[in-house]
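Fold and geometry: a report
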Amino acid sequence: MIATHTAIKEINLFWGGKTQESFDLYASYLEETNLQTKQLAYSQEGSKQYVQDRLAEQKEMVARLLQQKAMIMICGSIAMQKEVLLVLENILTEYNVEVTINDLEQQGLLAMDCY
C-alpha cells in the first residue's frame with residue numbers, strides 16, 4: 001500500500017506481526033521510504049502487543065495526524081481492521097477531532113486492504 005501512495009511526504013508506520021523475524025522481511029524496503037516513525041507490535045514475542053495497542057499508546061500523535069488530514073492505510077486481517085477502527089474512533093472522540101471514520105473514507109484518507 002505504501003508503494004501505491006508515492007506522494008506521501010511522511011510515513012508513520014504502525015506495524016504488527018507475530019515476531020521480529022516477520023518484520024525483518026520488510027525492513028530493507030521500508031528503509032527506502034519516507035518513514036518518520038516506526039511503531040512495532042509483536043503478538044508472540046516480547047511484551048506481546050497488537051498494532052491497535054501501539055495506536056492507543058500513541059493516541060496523541062495519532063490525533064494530531066488525523067487533525068492534519070493524514071492518510072490512514074490498514075492492511076491485514078479483518079479482525080485487526082475492526083480493532084484498529086475501534087481505536088481510531090476512540091481517538092477521534094477523545095481528542096474532539098471533527099471527522100468520522102466514514103468521513104475519512106469519503107475524503108480518500110482511509111484505505112483498507114483487509115482479508
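So, here is what we can say about the structure in this document. (Residues numbered from 1 in each chain as written. Predicted model: local features only at pLDDT ≥ 70, side-chain atom pairs only at ≥ 80, totals over all residues. Heavy atoms only, no water.)

What about the nonpolar core?
For clarity, the cut-off: Nonpolar cores are built from buried Ala, Val, Leu, Ile, Met, Phe, Trp, Tyr and Cys residues. Side-chain atoms within 4.5 Å join them into one set. A 1.4 Å probe rolled over the protein chains alone gives each residue an accessible area, and that area as a share of the maximum for its type sets the label: buried under 20%, exposed over 50%, partly exposed in between. Helix and strand assignments come from DSSP, with helices taken as H or I runs of at least 4 residues and strands as E runs of at least 2, each series counted from the N terminus. We call two residues contacting when some pair of their heavy atoms lies within 4.5 Å.
Within the largest apolar cluster, 24 residues are counted, with the highest numbers of intra-cluster contacts made by Leu66, Ile74 and Leu88. Among the secondary structure elements, those contributing two or more residues to this core are helix H2 (51–57), helix H3 (59–67), strand E3 (72–76), helix H4 (78–94), helix H5 (101–106) and strand E4 (110–114). Looking at this core element by element, the count peaks at seven residues for H4. Apart from residues no more than four positions distant in its own chain, Ile74 is found in contact with Met1, Met80, Gln81, Val84, Leu85, Leu88, Leu110, Ala111, Met112, Asp113 and Cys114. Among the nonpolar cores identified, the runner-up in size contains seven residues, and Ile2, Trp15, Phe23 and Leu30 belong to it.

Focus: the packing of H3 against H4
Keep this limit in mind: To get an axis, fit a line to the C-alpha atoms, keeping to the stretch in contact for a helix; angles then go from 0 to 180 degrees between the N-to-C directions. Any angle from 65 to 115 degrees is called roughly perpendicular, while one under 35 is roughly parallel, one over 145 is roughly antiparallel, and all others are oblique. We call Asp, Glu, Lys and Arg charged. Ala, Val, Leu, Ile, Met, Phe, Trp, Tyr, Cys and Pro are nonpolar, and the rest, Gly among them, are polar.
H4 packs onto H3 with a crossing angle of 75° between their chain directions and a minimal axis gap of 10 Å. When the axis of H3 is compared with that of H4, the two are roughly perpendicular. In this structure, H3 contributes Lys59, Val62, Ala63 and Leu66 to the contact, and H4 contributes Leu88, Ile91, Leu92 and Glu94. Looking at side-chain class alone, the contact of H3 with H4 contains six nonpolar, no polar and two charged residues.

Looking at the environment of Leu55
Within the fold, Leu55 resides in helix H2. Residue Leu55 is classed as buried on the basis of its relative accessible area, which comes to 8%. Sequence separation of Leu55 and Gly17 is 38 residues, and the distance between their C-alpha atoms is 14 Å. With residues up to four places along the chain from it excluded, the contact list for Leu55 reads Phe14, Val62, Val84, Val87 and Ile91.

Notes on the pattern of salt bridges
The cut-off we apply is this: We define a salt bridge as a side-chain nitrogen of Lys or Arg found within 4 Å of a carboxyl oxygen belonging to Asp or Glu.
For the structure shown, the criterion picks out two salt bridges. Residue Glu57 is joined to Arg54 by a salt bridge in which the shortest nitrogen-to-oxygen separation is 2.5 Å. Linking Glu57 with Arg54, this pair stays in helix H2, spanning three residues, or about one helical turn. Between Glu94 and Lys59 there is a salt bridge, with its nearest N and O atoms 3.1 Å apart.

Some remarks on unusual backbone geometry
Non-glycine residue Lys48 carries a positive phi angle of around 50°. Along the polypeptide, Lys48 turns up in the loop between strand E2 (35–42) and H2. With relative accessibility at 54%, the residue Lys48 sits in the exposed group. If you check the backbone angles, Asn96 has positive phi at about 50° while not being a glycine. The exposure class of Asn96 is exposed, given its relative accessible area of 62%.

Everything listed here is a matter of geometry and, on its own, says nothing about what the molecule does.
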